[in-house]
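Per-entry structural report
Single-letter residue listing:
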Amino acid sequence: MRKKADLPQKICASCHRPFSWRKKWKDNWDQVKYCSQRCQGKRAQPTQSADCNTQ
């Protein structure tokens, strides 16, 4: 059995926090971008300040 510290990690594309490999992702770890369904639903939203500057 591996220790959690030995598992591969990625950075979530939405919240920018690190997350570790899970057994349910063993078949598609290369395609995993988000740490949770909540982050996947939220995704990376553009900031409102960028939209307000265009007039």
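See the structure shown above.
Read on for an overview of the structure. Remember, it's a predicted structure, so these values are computed and weren't measured experimentally. (Residues numbered from 1 in each chain as written. Predicted model: local features only at pLDDT ≥ 70, side-chain atom pairs only at ≥ 80, totals over all residues. Heavy atoms only, no water.)

**Let's talk about the overall build of the chain**
Within the chain, the secondary structure is distributed over 2 helices and 2 strands. Along the chain direction, N to C, the helices and strands of the chain fall in the order β-β-α-α. A buried classification covers 20% of the 55 residues belonging to the chain. Long-range pairs, those at least 24 residues apart, make up 14% of the contacts in the chain with a sequence separation of at least 6. (Helix = DSSP H or I, 4+ residues; strand = E, 2+ residues; numbered from the N terminus. Buried < 20%, exposed > 50% of the residue type's maximum accessible area, 1.4 Å probe, protein only. Contact = heavy atoms within 4.5 Å.)

**Digging into the nonpolar core**
C12, F19, W25, W29, V32, Y34, C35 and C39 form the largest nonpolar core, which has 8 residues in total. Once you skip the residues sitting within four places of it in the chain, V32 turns out to touch K10, F19 and W25. (Core = buried A, V, L, I, M, F, W, Y, C linked by side-chain atoms within 4.5 Å.)

**A look at the packing of aromatic side chains**
For the structure on display, the rule yields 3 aromatic pairs. Ring centres of F19 and W25 lie 5.5 Å apart, and the angle between their planes is 75°; on these two criteria the pair is classed as edge-to-face. Classification of W25 as buried rests on a relative accessible area of 11%. Between F19 and W29, the aromatic rings sit 6.0 Å apart at their centres with planes inclined by 70°, giving edge-to-face as the arrangement. Here the residue F19 occupies a position in strand β2 (residues 18-20), and W29 occupies one in the loop between β2 and α1 (37-42), the gap between them amounting to 10 residues. Its end group placed over the ring of W29, K10 keeps NZ or CZ at 4.6 Å from the ring centre. (Phe/Tyr/Trp six-rings, centres within 6.5 Å; stacked < 30°, edge-to-face > 60°. Lys NZ or Arg CZ within 6 Å of the ring centre and 35° of its normal.)

**Examining the side chain of S20**
The residue S20 is located in strand β2 in this model. When residues no more than four places from it in sequence are discounted, the contact partners of S20 are K4, P8, Q9, W25 and W29.

**Considerations on unusual backbone geometry**
With a phi angle near 65°, H16 is a residue other than glycine that sits in the positive phi range. Among the structural elements, H16 can be located in the loop between β1 (9-11) and β2.

Spatial relationships are all this shows, so hold off on functional conclusions.
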